[in-house]
Amino acid sequence: MQTILTDFYTLQSSEKEENGRFIAHITLNKDHDIFNGHFPGNPVTPGVCMMQIVKELTEEFTGASLFLKSASNVKFMAIINPFETPDLTLQLDINESDDEVKVKNTTLFGETIALKMSVHYKKLTS
């Protein structure tokens, strides 16, 4: 498993609940270079980075290397400014089979839903 978002976020804690649900608490690194260009003076967490965080956490929780097959119902519902709301909670409902992983994600800061999406990954074999 390869993390491509080096120093972009820190996993503060995670817990596994019933039926394959994981809750992860992360903190974004407001000083990361990504925010210098996205956008200068008004930092916004790129949606593609949020999608990558979901992938990396899913890999962590399943112990599998994954490749994104499809994403549906991707809804960015609130701007994530790393200076104002660096602490995020990600709910990952993971359904795993022999060669695939399906995830329904809800990402929040406080009570505000920032992202909802369903993703379908293929497990990579080494």
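This is a predicted model, so every value here is computed, not measured. (Residues numbered from 1 in each chain as written. Predicted model: local features only at pLDDT ≥ 70, side-chain atom pairs only at ≥ 80, totals over all residues. Heavy atoms only, no water.)

Draft legend 1. Focus on the packing of aromatic side chains. For the coordinates displayed, the defined rule picks out two aromatic pairs. Ring centres of Phe8 and Phe35 lie 5.4 Å apart, and the angle between their planes is 25 degrees; on these two criteria the pair is classed as stacked. Highlighted residues: Phe8 in the segment before β1 (9-16) and Phe35 in helix α1 (residues 34-37), separated in sequence by 27 residues. Judged by centre distance (4.5 Å) and plane angle (5 degrees), the rings of Phe22 and Phe61 are stacked. Here Phe61 lies in helix α2 (residues 47-62) and Phe22 lies in strand β2 (residues 21-28), a separation of 39 residues in the sequence. The residues Phe22 and Phe61 share a single accessibility class, namely buried. (Phe/Tyr/Trp six-rings, centres within 6.5 Å; stacked < 30°, edge-to-face > 60°. Helix = DSSP H or I, 4+ residues; strand = E, 2+ residues; numbered from the N terminus. Buried < 20%, exposed > 50% of the residue type's maximum accessible area, 1.4 Å probe, protein only.)

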